[in-house]
Amino acid sequence: MSHTEPLLAVEGLRKSFGDNPVLKSIDLTVGQGRVLALIGPSGSGKTTVLRCLNGLERPDAGTVAFSGGPRVEFGPKTTRQQAQSLRDRSAMVFQGYNLFPHMTVLQNVIEGPVQVQRRPKAQAVAEAEALLERVGLADKRDEYPHELSGGQQQRVGIVRALALRPALLLFDEPTSALDPELVGDVLTVIKELAEEGWTMVMVTHELAFAREVADEVVFMDGGVVVERGHPDTVLRNPAHERTRQFVHRLLNPF
C-alpha cells in the first residue's frame, strides 16, 4: 500500500504534570489505513500520548496535525477549543470501558452522534444497530452496562467509537481489564477493523497481537520513544537493551 501524506503527524509533543515530565518531545506519524502499536512499561507516557491526540489532555508544546486538518500547535496560548478540535477526527476506546451506566447500550452508542455531531436520531439509531449487529451484540441494545460482561462492554465501547465515524481510532489497553477468556472476542473485532483499513493507534501489552496486527511498533520508556520499527524487528530482534529487557519480561513473566 503506498501512502503519501500521513493521516496523523505528531512533532515535539511535551507534557508535564506538575514537576513530572511525562512526555519529552514525542514524534510520531501514522499513515492512512495503518496500525501503530505503542508498547512500554507502566508510566512511560503511552496513555498520555493517546489523551493528547484526542484532546483529553492539553500538551505543553508540540504539534498534532491531521491530514486535511486540524493542525494544532500547542503552547501557552493554545485554546481549549483548539485542543478539542482534535476530538472531531479521533475516537477513543478506554481501558475501563467508560460507558454511561444510566444509559442503555443503544443510548450509549448514539449519544455522541446525536448530541455532539447533531446527526438525525433515526440515522444514528440505524447505524448503531448495524454496528452492534456486526460485533454480535444486536440483542443487547436495550440492556444497561452492568448487565453485560466486561468483553461485551468493551465491544460496546468500540461500537461507540466507530459510531462517531472518526478518521483515527485510539485504543488504550483495550483488553487489560478483561478476564483472559474474554480477551479474544475483543481482539477479533480490533483485528477485523485493521483488515478493513481503519487507521489506529493502540496501546497494548498483547505483544503477539501487536506483532500480528500492527504495521509499526513504537517502544516508549521514560517519556521518550526508545525504538520504532516493523513489529518483527522491534519484538523479535530489538536494537536497544531497554526494549530487549521489556519484551523478554513480557514474553517470559516467570
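Predicted model only: the values in this text are computed from it and were never measured. (Residues numbered from 1 in each chain as written. Predicted model: local features only at pLDDT ≥ 70, side-chain atom pairs only at ≥ 80, totals over all residues. Heavy atoms only, no water.)

Peer 1: Give me the pairing of strand β8 (residues 199-203): which residues, what numbers.
Peer 2: For β8, a buried count of five out of five residues is recorded, marking the element as mostly surrounded by other parts of the structure. Two strands pair when backbone bridges link them, and strand β3 (residues 35-39) and β8 are joined in this way by four bridges, in the parallel orientation. Bridge pairing links Ala 37 to Met 202 in β8. In this sheet, β8 lies alongside strand β7 (residues 168-172) in parallel orientation, the contact comprising five bridges. (Buried < 20%, exposed > 50% of the residue type's maximum accessible area, 1.4 Å probe, protein only. Helix = DSSP H or I, 4+ residues; strand = E, 2+ residues; numbered from the N terminus. Pairing = 2+ DSSP bridges.)

Peer 1: Requested: an account of the pattern of salt bridges, with residues and values cited.
Peer 2: Tallied over the entire structure, the rule returns 14 salt bridges. With its nearest N and O atoms 3.7 Å apart, the salt bridge here joins Arg 34 to Asp 215. Of the two residues, Arg 34 is situated in the loop between β2 (20-30) and β3 and Asp 215 in the loop between α7 (207-213) and β9 (216-221); the sequence distance between them amounts to 181 residues. A relative accessible area of 29% places Arg 34 in the partly exposed class. (Salt bridge = Lys/Arg side-chain N within 4 Å of Asp/Glu carboxyl O.)

Peer 1: Mind laying out the sheet that holds β2, listing which residues take part and the relevant values?
Peer 2: Either a parallel or an antiparallel arrangement is found when strands of a sheet pair, and the pairing is made through backbone hydrogen bonds. Strand order in this open sheet of four strands is β2-β1-β4-β5, and the pairing throughout is antiparallel. Edge positions in the sheet fall to β2 and β5 (71-74), since each of these pairs with one other strand and no more. The sheet shows a mean angle of 15° between the axes of neighbouring strands, direction not considered. Where strand β1 (residues 8-17) and strand β4 (residues 61-66) come together, five bridges link them in antiparallel fashion. Bridge assignment links Arg 14 to a residue of β4, and that residue is Ala 61. (Axes fitted to C-alpha atoms, helices over the stretch in contact; angles between N-to-C directions.)

Peer 1: Which residues make up the packing of aromatic side chains, and what values do they have?
Peer 2: Using the criterion set out here, one finds one aromatic pair in the structure. With centroids separated by 5.3 Å and ring planes inclined at 40°, the aromatic side chains of Phe 219 and Phe 246 adopt a geometry described as tilted. In this pair, Phe 219 sits in strand β9 while Phe 246 sits in helix α9 (residues 241-251), placing the two residues 27 residues apart along the sequence. Taken individually, Phe 219 and Phe 246 each receive the classification buried, so the pair is uniform in this respect. (Phe/Tyr/Trp six-rings, centres within 6.5 Å; stacked < 30°, edge-to-face > 60°.)

Peer 1: Can you lay out the pairing of β4 for me, pointing to particular residues and giving the numbers?
Peer 2: Burial of β4 is extensive: five of the six residues sit out of reach of the surface. Judged from the four bridges that link them, β4 and β5 form a sheet pairing that is antiparallel. In the strand pairing of β5, Gly 62 is matched with Phe 74. The antiparallel hairpin formed by β4 and β5 contains four residues in its connecting segment, where Gly 68 sits at a positive phi of about 85°.

Peer 1: Residue-level account of the sheet that holds β7, with values.
Peer 2: Strand order across the open sheet formed by six strands is β6-β7-β8-β3-β9-β10, with mixed pairing between neighbours. Both outer strands of the open sheet, β6 (90-93) and β10 (224-229), are each paired with one neighbouring strand and no more. The average angle at which neighbouring strand axes cross in this sheet is 20°, direction not considered. Inspection of the sheet shows β3 paired to β9 by four bridges, in the parallel sense. Of the residues in β9, the one forming a bridge with Ala 37 is Val 217. Sitting on the sheet, helix α1 (residues 46-53) is in contact with β3, β6, β7, β8 and β9, with an inclination near 150° to β7. (Contact = heavy atoms within 4.5 Å.)

Peer 1: Could you give an account of the layout of surface pockets, with specific residues and numbers?
Peer 2: Of the pockets and cavities examined, the largest pocket occupies roughly 660 Å³. Around the largest pocket, the lining comprises 26 residues; the ones closest to its centre are Asn 54, Arg 87, Gly 112, Val 116 and Leu 164. Of the residues forming the lining of the largest pocket, the biggest block, seven residues, is contributed by helix α3 (residues 105-116). Residue classes in the lining of the largest pocket are distributed as 11 nonpolar, 10 polar and five charged. (1 Å grid on protein atoms, 1.4 Å probe; cavity = no way out; pocket = protein on both sides within 12 Å on 5 of 7 lines; lining within 4 Å. Points joined across faces, edges and corners; volume = space filled by probe spheres on them. Nonpolar A, V, L, I, M, F, W, Y, C, P; charged D, E, K, R; others polar.)

Peer 1: Just give me the short version of the side chain of Lys 15, but keep the residues and values in it.
Peer 2: Mapped onto the fold, Lys 15 is located in strand β1. Put simply, Lys 15 is tucked away with no salt bridge, and the nearest opposite charge, on Glu 57, sits 4.1 Å away. Reaching out from Lys 15, the side chain makes a polar contact with the backbone oxygen of Arg 58 at a distance of 3.0 Å. Ignoring any residue separated from it by four or fewer positions in sequence, one finds Lys 15 in contact with Asn 20, Pro 21, Val 22, Leu 23, Thr 48, Glu 57, Arg 58, Pro 59 and Asp 60. (Lys, Arg positive; Asp, Glu negative; His and termini not counted. Polar contact = N/O pair within 3.5 Å; in protein donor to acceptor, adjacent residues only side chain to side chain.)

None of the figures reported here should be taken as evidence of function without further support.
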